[in-house]
Amino acid sequence: MPPRLLLALTLIVSGAVGLGYFLSADNPLRFSWIAGESERESLPRSGTDNTQPKPVPIQPPTMEKQEPSGNAVGFMLASAASQYSQNIRYPTYSIPISEDLASAYSGNRFDPVELPLDGGGQFTVTLEKYRFVQEEDILVAASITGSQVVGPSLDVTLESPESRQALASATLKNESGAPYYEGVIEADAEPGEYRLIVEATIDGKPVRHASTLTIEPDLGEFDGLGDPRVANNDLIIPVHFDTKEPGFYALSAQLYHNGRALAQLQVEKRLDGTTDTLELKAHGSVLAHRKITGNLELRNLQIRRLPTSPGDRTDYGFGPEDGYSFSPPDLDGLTDSPAGDPESEHRAALLQRLADKF
């Protein structure tokens, strides 16, 4: 291949990729086809924080399979334009969600951490959740399987990951004869991330099991729902939250109907401690094409107090485990129409025009 032709092809491909990256940076929730994994939040990992604020992946409608173009760059741009056009029909505050994603982002969940032992055994530690409120009791359960000889009790310590200083400790006992040990440790510590160390004597040797948890400040209390209503092409669901301190808060929840996840809803607002109501909105594009009978539900409510300055931590709070059930108003006025964001539509048209040039 002549050097000039090779250089021209390289510039064309680089320009197309660069454009995709630019658009993905502006729209991380909607156009992540080319962003690296380091720029996207991953699904929850075992024993790690699975409630970090995450961009919610979009479940695009089924599209017809495209036949590969003879030109690789043209086919890439055409595919991106088609995918992007489908994704932008949903507003960022109301995004359809699949059952699998609803389970993955179910909120304050702790995945048991398993430590392999010699001989095929396992040392497993389980907590009821990942995030605890200050001065809340932490129930710790541990099990050890295999043919090993284990002591009658285990020691558990809550320590700072930086200084390794022990802040609290307790003993896990096997009192009921069941194949597990349990005990309670108090989360009387400043907000932050901590290491939970469980120590056992197995076959006469000490074994340490480490996992992580976080302690959160008490942000306030959820105080039920207001009267839902329909405005424009949205079902508006007021959520009352009695906050302890003013600040900017972000609320997210999942909308369910008859046990099926419909959408991930989210909103941000400054709360001042007086009229503390955040309004979640479900767009017509996630409701109008469904037959809604009976009640709707809000589940997995999570509220975050956003940092006031760079470097500050994000604080978390959670709604009632059962969520809220409510009777919706008349939804016949909702339509399954795109959200209609002119800026995003302009970007989609730009991508399509670029694809048409190849």
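### Overview of the overall build of the chain
The number of helices and strands found in the chain is four helices and 19 strands. Taking the intrachain contacts of the chain between residues at least 6 apart in sequence as the baseline, contacts between residues at least 24 apart amount to 67%. Here the chain has roughly 19000 Å² of accessible surface; of this, 49% comes from carbon and sulfur atoms.

### Some details on the nonpolar core
Core analysis: the biggest nonpolar cluster contains 29 residues, and Phe123, Val140, Leu154 and Leu213 have the highest contact counts within it. Among the secondary structure elements, those contributing two or more residues to this core are β3 (122–127), β5 (137–145), β6 (153–159), β7 (166–173), β8 (181–186), β9 (192–202) and β10 (205–216). In terms of residue count, the dominant contributor to this core is β9 (five residues). Ignoring sequence-local partners within four residues, the contact set of Phe123 consists of Val113, Glu114, Leu115, Leu117, Ala142, Ser143, Ile144, Leu154, Val198, Ala200, Val207 and His209. Leu262, Leu271, Leu301 and Phe326 belong to the second-largest nonpolar core, a separate cluster that totals 28 residues.

### As for the side chain of Lys129
For Lys129, the location among the structural elements is in the loop between β3 and β4 (131–133). A distance of 2.6 Å separates the side chain of Lys129 from the side chain of Glu136, its partner in a polar contact.

### Remarks on the pattern of salt bridges
Summed over all chains, the structure comprises 13 salt bridges. Residue Glu159 is joined to Arg195 by a salt bridge in which the shortest nitrogen-to-oxygen separation is 2.9 Å. Of this pair, Glu159 sits in strand β6 while Arg195 sits in strand β9, and the two are 36 residues apart along the sequence. For Glu159, a relative accessible area of 7% puts it in the buried group. Exposure remark for Arg195: the relative accessible area of 19% places this residue in the buried category. For Arg229, the salt bridge identified is with Glu279, shortest N-O distance 3.1 Å. Highlighted residues: Arg229 in strand β12 (residues 229–231) and Glu279 in strand β16 (residues 277–283), separated in sequence by 50 residues. Look at Arg229 and you get partly exposed, because its relative accessible area is 36%.

### Some words on the packing of aromatic side chains
Taken as a whole, this structure holds two aromatic pairs when the rule is applied. Both rings, one in Phe222 and one in Phe241, keep their centres 4.9 Å apart while their planes meet at 65°; by these two values the pair is edge-to-face. Taken together, the positions of Phe222 in strand β11 (residues 220–225) and Phe241 in strand β13 (residues 234–243) put the pair 19 residues apart, joining distant regions of the chain. With relative accessibility at 14%, the residue Phe222 sits in the buried group. On the basis of an interplanar angle of 50° and a centroid distance of 6.3 Å, the ring pair of Phe241 and Tyr249 is categorised as tilted. The residues Phe241 and Tyr249 share a single accessibility class, namely buried. Among the aromatic side chains, those forming a connected cluster through ring pairs are Phe222, Phe241 and Tyr249. Above the ring of Tyr93, the side-chain terminus of Lys281 is found at 4.4 Å from the ring centroid. The cationic tip of Arg299 hangs over the ring face of Tyr256; the distance from NZ or CZ to the ring centre is 4.0 Å.

### Points about unusual backbone geometry
With the exception of glycine, most residues fall at negative phi, and the peptide bonds are largely trans. Unusually for a residue other than glycine, Glu135 sits at a positive phi of about 70°. Tracing the chain through its elements places Glu135 in the loop between β4 and β5. Exposure remark for Glu135: the relative accessible area of 63% places this residue in the exposed category. Of note in this structure, Asn258 is not a glycine but carries a positive phi near 55°. Of note, Asn258 is situated in the loop between β14 (247–257) and β15 (260–271). With a relative accessible area of 61%, Asn258 lands in the exposed category.

### Concerning the environment of Tyr180
Tracing the backbone through its elements, the reader meets Tyr180 in the loop between β7 and β8. Considered as a pair, Tyr180 and Ser143 are 37 residues apart in the sequence and their alpha carbons are 4.4 Å apart. Sequence-distant contacts of Tyr180, that is, excluding residues within four places in its chain, are made with Ala142, Ser143, Lys173 and Asn174.

### Points about a negative patch on the surface
Taken together, the side chains of Glu135, Asp137, Glu186, Asp188 and Glu190 make up a negatively charged region of the molecular surface. When you line up the elements, Glu190 lands in the loop between β8 and β9. Overall, the relative accessible area of 57% leaves Glu190 in the exposed class.

### Focus: the confidence of the model for the chain
A low pLDDT means the predicted coordinates there should not be read in detail. Taken residue by residue, the chain gives an average pLDDT of 78. The fraction at 70 or more is 69%. Across the chain, the element-wise mean pLDDT spans from 44 in helix α1 (residues 3–26) up to 97 in strand β19 (residues 324–326). In this model, residues 1–65 is a region of pLDDT below 50 whose contacts with residues beyond four sequence positions or in other chains number 109 contacts.

### What about the pairing of β5?
Of the two faces of β5, the one holding Ile138, Val140, Ala142 and Ile144 is buried and the one holding Asp137, Leu139, Ala141, Ser143 and Thr145 is not buried anywhere. Strand direction decides the pairing type here: β3 and β5, joined by six bridges, are antiparallel. Residue Gln122 lies in a different strand from β5, and its bridge partner there is Thr145. Note: β5 against β8, six bridges, orientation antiparallel. When the bridges of β8 are listed, Ala141 appears paired with Glu182.

How each quantity is defined
Residues numbered from 1 in each chain as written. Predicted model: local features only at pLDDT ≥ 70, side-chain atom pairs only at ≥ 80, totals over all residues. Heavy atoms only, no water. Helix = DSSP H or I, 4+ residues; strand = E, 2+ residues; numbered from the N terminus. Contact = heavy atoms within 4.5 Å. Areas by Shrake-Rupley, 256 points an atom, 1.4 Å probe, with all protein chains shown as cover. Core = buried A, V, L, I, M, F, W, Y, C linked by side-chain atoms within 4.5 Å. Buried < 20%, exposed > 50% of the residue type's maximum accessible area, 1.4 Å probe, protein only. Polar contact = N/O pair within 3.5 Å; in protein donor to acceptor, adjacent residues only side chain to side chain. Salt bridge = Lys/Arg side-chain N within 4 Å of Asp/Glu carboxyl O. Phe/Tyr/Trp six-rings, centres within 6.5 Å; stacked < 30°, edge-to-face > 60°. Lys NZ or Arg CZ within 6 Å of the ring centre and 35° of its normal. Patch = residues over 30% accessible without salt bridge, like charges linked within 9 Å, V, L, I, M, F, W, Y side chains within 5 Å. Lys, Arg positive; Asp, Glu negative; His and termini not counted. Charge placed at Lys NZ, Arg CZ, Asp CG, Glu CD. pLDDT = per-residue confidence, 0-100. Pairing = 2+ DSSP bridges.

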